[in-house]
Every structure is written in C-alpha cells, then in structure tokens.
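Observations on the model geometry
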Amino acid sequence: QTALQEVLLAVSLWPILFTISNPINCGDEQSSLSNCLSISQEKLLDRVIQHTELIFRVSEESCTLFEEMFIPLPLQLQTNQAGNACMTKALHIPSSKSEIQQITDKWLLHSVLMLVQSWIKPLVYLQTTMTQYDFASETLLNKTKWMLEKLISLEQGVVVLIKKMLNEGAMATTVTEQDLFPTDLQPDILASIMNDYNLLSCFKKDTHKMEILLKLLKCRQNEIYNCA
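Everything in this summary refers to the structure shown in the same document. (Residues numbered from 1 in each chain as written. Predicted model: local features only at pLDDT ≥ 70, side-chain atom pairs only at ≥ 80, totals over all residues. Heavy atoms only, no water.)

**Brief notes about the overall build of the protein**
To be explicit about the condition: A helix here means a DSSP run of H or I that spans at least four residues, while a strand means a run of E at least two residues long, and both kinds are numbered starting from the N terminus. For every residue, the accessible area (1.4 Å probe, protein chains only) is compared with the maximum for its type, and the residue is labelled buried under 20%, exposed over 50%, or partly exposed between those bounds. Residues are treated as being in contact if the distance between any of their heavy atoms lies within 4.5 Å. Accessibility throughout is a Shrake-Rupley quantity obtained with a 1.4 Å probe, and a residue counts as covered only by protein chains that appear here.
Check the secondary structure of the protein and you find 9 helices and 0 strands. Counting from the amino terminus, the protein carries its helices and strands in the arrangement α-α-α-α-α-α-α-α-α. Looking at the protein as a whole, 43% of its 228 residues are labelled buried. Of all intrachain contacts in the protein linking residues separated by at least 6 positions in sequence, the fraction that spans at least 24 positions is 87%. With an accessible surface of roughly 12,300 Å², the protein has 55% of that area assigned to carbon and sulfur atoms.

What follows is the structure, given as structure tokens:
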C-alpha cells in the first residue's frame, strides 16, 4: 500500500476505532469513581490492560505516520542510533527485567500511575505544536487527541485499581512537573519537529512499559509461577 492509501484507510477506520476503544468506561465525571469501584478487581485490571494496549498501538501508528510526513529516512536512522533522552528517565522507574520482577505490586501500580500522569501535559503540548504545522494531517492530529483522552481515562482506571487492590490513595511523587517537562516552546520549526518526534517515540516506549508492568501484575494476581 502507498502512504496515501494507508492514510485513507486510517481515516475510514478511525470512527470505528474511536467507538470500540473505551474499555474502562467508568461513567460520567460525577459518578465515575463509584461506577469504577463497582467493577470487580479482576475485570478492572483487564480493562486497564486493554486500554494500555490500545494506547500503545495508536502510539506506534502515530510514530510511523509522523516519520512518513516529517522525518527523512537518514534522519530517522541517525535518531534511532543516537537514542532518545526521554523525560520520564527522571522518575527512576525500573526498566530491566530483573529490576521489574523485584518490585512489589504496590510499586508496579504506582510506577504505572506516575508514567501516565507524567505524559498528560506533554500530550497537550504535542497537540498545540502540531496544529501549527500547515502540513500535519488530520489523521495524525486526531490520533494525538485520542491518545490524550484515553490517557486521562487510563489514569482514572489506575487510581481506582490502586484503591481496590491496595486500599489506599495514590502516592504523591516528589518529581516536579518542571523536572519532567520544559515549558519553553521550540522557536525553530526543525527543532520543534524533532522535539515532537522525540516525544512521540518516548511516549511509545513508556506505554509499552506500562503494558509490561500491568501484565506482570496480572500474572502475579493469578499466582502463575515464574512471571516474566
């Protein structure tokens, strides 16, 4: 398929994706907590995992679309070889397999919550900057908006899951918003594009990390031996 055909296909499928991909579904703002609490712990964890999987999938699609539109192949290769300095590195969340397996269920959940909350403002920023590009497609803008909406919904689900599983509220993080995300805008268009590309790439990595942590938690809850 050509890039144009892929874009047209994505546009045609977008309403369907948007309709089926709200697995947490805790109700309206006023009654959301009580509705979420009425869902069984096992079912809520499944919905949170499904939500994370969907966000990760759309983040992959968004990265690919962004690359096709803005990043020439040599620059893609150069960026991949250099690696991304992701802002959430300041959270010091375990990343290796051995480290992840050693942390408690409590820290698994709070690590996911910290990652979710740390990405809300950057995705708002990403929406703002991409609307300034005359050549940004409506599909990419819609995906960015969708990810932000679903991330906020995911935050709600994880907070309730913490309350159900740990019988406590969310722990406060000592990392400030300024530590995680600079508020100064990129004046140069190329610098802005590369900054947005880095944000999308890091978001994709972190949503995958959320998925891994939540699936490990589910494995532990099912008392499966040697969860990996």
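Having seen it, we continue.
**Focus on the nonpolar core**
A general tendency of soluble globular proteins is for nonpolar side chains to be buried together. Which entries qualify depends on this criterion: In this text, buried Ala, Val, Leu, Ile, Met, Phe, Trp, Tyr and Cys residues form a nonpolar core when linked through side-chain atoms within 4.5 Å.
Counting 59 residues, the largest nonpolar core has Phe-66, Phe-70, Trp-119, Leu-151 and Leu-154 as its most contacted members. Secondary structure elements with two or more residues in this core: α3 (41-70), α6 (105-130), α7 (138-166) and α9 (189-221). Looking at which element gives the most residues to this core, the answer is α6, with 13 residues. Those residues in contact with Phe-70 that sit more than four places away from it in its chain are Tyr-133, Phe-135, Ala-136, Leu-140 and Ile-193.

**Side note on the state of the cysteines**
This is how it is decided: Pairs of cysteine sulfur atoms within 2.5 Å are identified as disulfides in what follows.
Within this structure, the stated rule accounts for 1 disulfide. Across a sulfur-sulfur distance of 2.1 Å, Cys-86 and Cys-202 are joined as a disulfide pair. Judged by the sign of its S-S torsion, about -90 degrees, the bond between Cys-86 and Cys-202 is left-handed. Remark: Cys-202 occurs in helix α9 and Cys-86 occurs in the loop between α4 (73-82) and α5 (97-102); sequence separation between them is 116 residues. We note that Cys-86, like Cys-202, is buried.

**Concerning the packing of aromatic side chains**
Defined as follows: Each Phe, Tyr or Trp ring, with Trp reduced to its six-membered ring, pairs with another whose centre is within 6.5 Å; inter-plane angles below 30 degrees give stacked pairs, above 60 give edge-to-face pairs, and intermediate values give tilted ones.
Within the structure shown, the criterion is met by 4 aromatic pairs. Pairing Phe-66 with Phe-70 gives two aromatic rings, centres 4.6 Å apart and planes at 55 degrees, and the pair type is tilted. Linking Phe-66 with Phe-70, this pair stays in helix α3, spanning 4 residues, or about one helical turn. For the residue pair Phe-66 and Phe-70, the accessibility class agrees, reading buried in each case. Centre to centre, the rings of Phe-66 and Tyr-197 are 6.0 Å apart; their planes meet at 5 degrees, and the pair counts as stacked. In this pair, Phe-66 sits in helix α3 while Tyr-197 sits in helix α9, placing the two residues 131 residues apart along the sequence. Across this residue pair, the class does not change: Phe-66 and Tyr-197 are buried.

**What about the pattern of salt bridges?**
Test applied: Here, a salt bridge means any Lys or Arg side-chain nitrogen found within 4 Å of an Asp or Glu carboxyl oxygen.
What the rule picks out here adds up to 5 salt bridges. A salt bridge links Asp-46 to Lys-218, with the nearest nitrogen and oxygen atoms 2.7 Å apart. Highlighted residues: Asp-46 in helix α3 and Lys-218 in helix α9, separated in sequence by 172 residues. When its relative accessible area of 32% is taken as the criterion, Asp-46 is described as partly exposed. The class for Lys-218 is partly exposed, based on a relative accessible area of 24%. A salt bridge links Glu-61 to Lys-143; its shortest N-O distance comes to 2.6 Å. With a gap of 82 residues between them, Glu-61 in helix α3 and Lys-143 in helix α7 connect regions that are remote in the sequence. Via salt bridges that share partners, Glu-53, Glu-211 and Lys-215 belong to a single interconnected network.

**Section: the packing of α6 against α9**
Here is the rule we go by: Axis angles are defined between N-to-C directions and span 0 to 180 degrees, where every axis is a line fitted to C-alpha atoms and, for a helix, only to the segment in contact. Between 65 and 115 degrees an angle is taken as roughly perpendicular, under 35 as roughly parallel, over 145 as roughly antiparallel, and anywhere else as oblique. Two helices crossing with the near one rotated counterclockwise from the far one by less than a right angle form a left-handed crossing, whereas a clockwise rotation gives a right-handed crossing. Here the term charged refers only to Asp, Glu, Lys and Arg, the term nonpolar to Ala, Val, Leu, Ile, Met, Phe, Trp, Tyr, Cys and Pro, and the term polar to all other amino acids, Gly among them.
It is at 9 Å that the axes of α6 and α9 come closest, and there the two elements cross at 155 degrees. Our classification of the angle between α6 and α9 gives roughly antiparallel. Relative to α9, α6 is oriented so that their crossing is left-handed. Counted by class, the contact of α6 with α9 contains 20 nonpolar, 5 polar and 5 charged residues.

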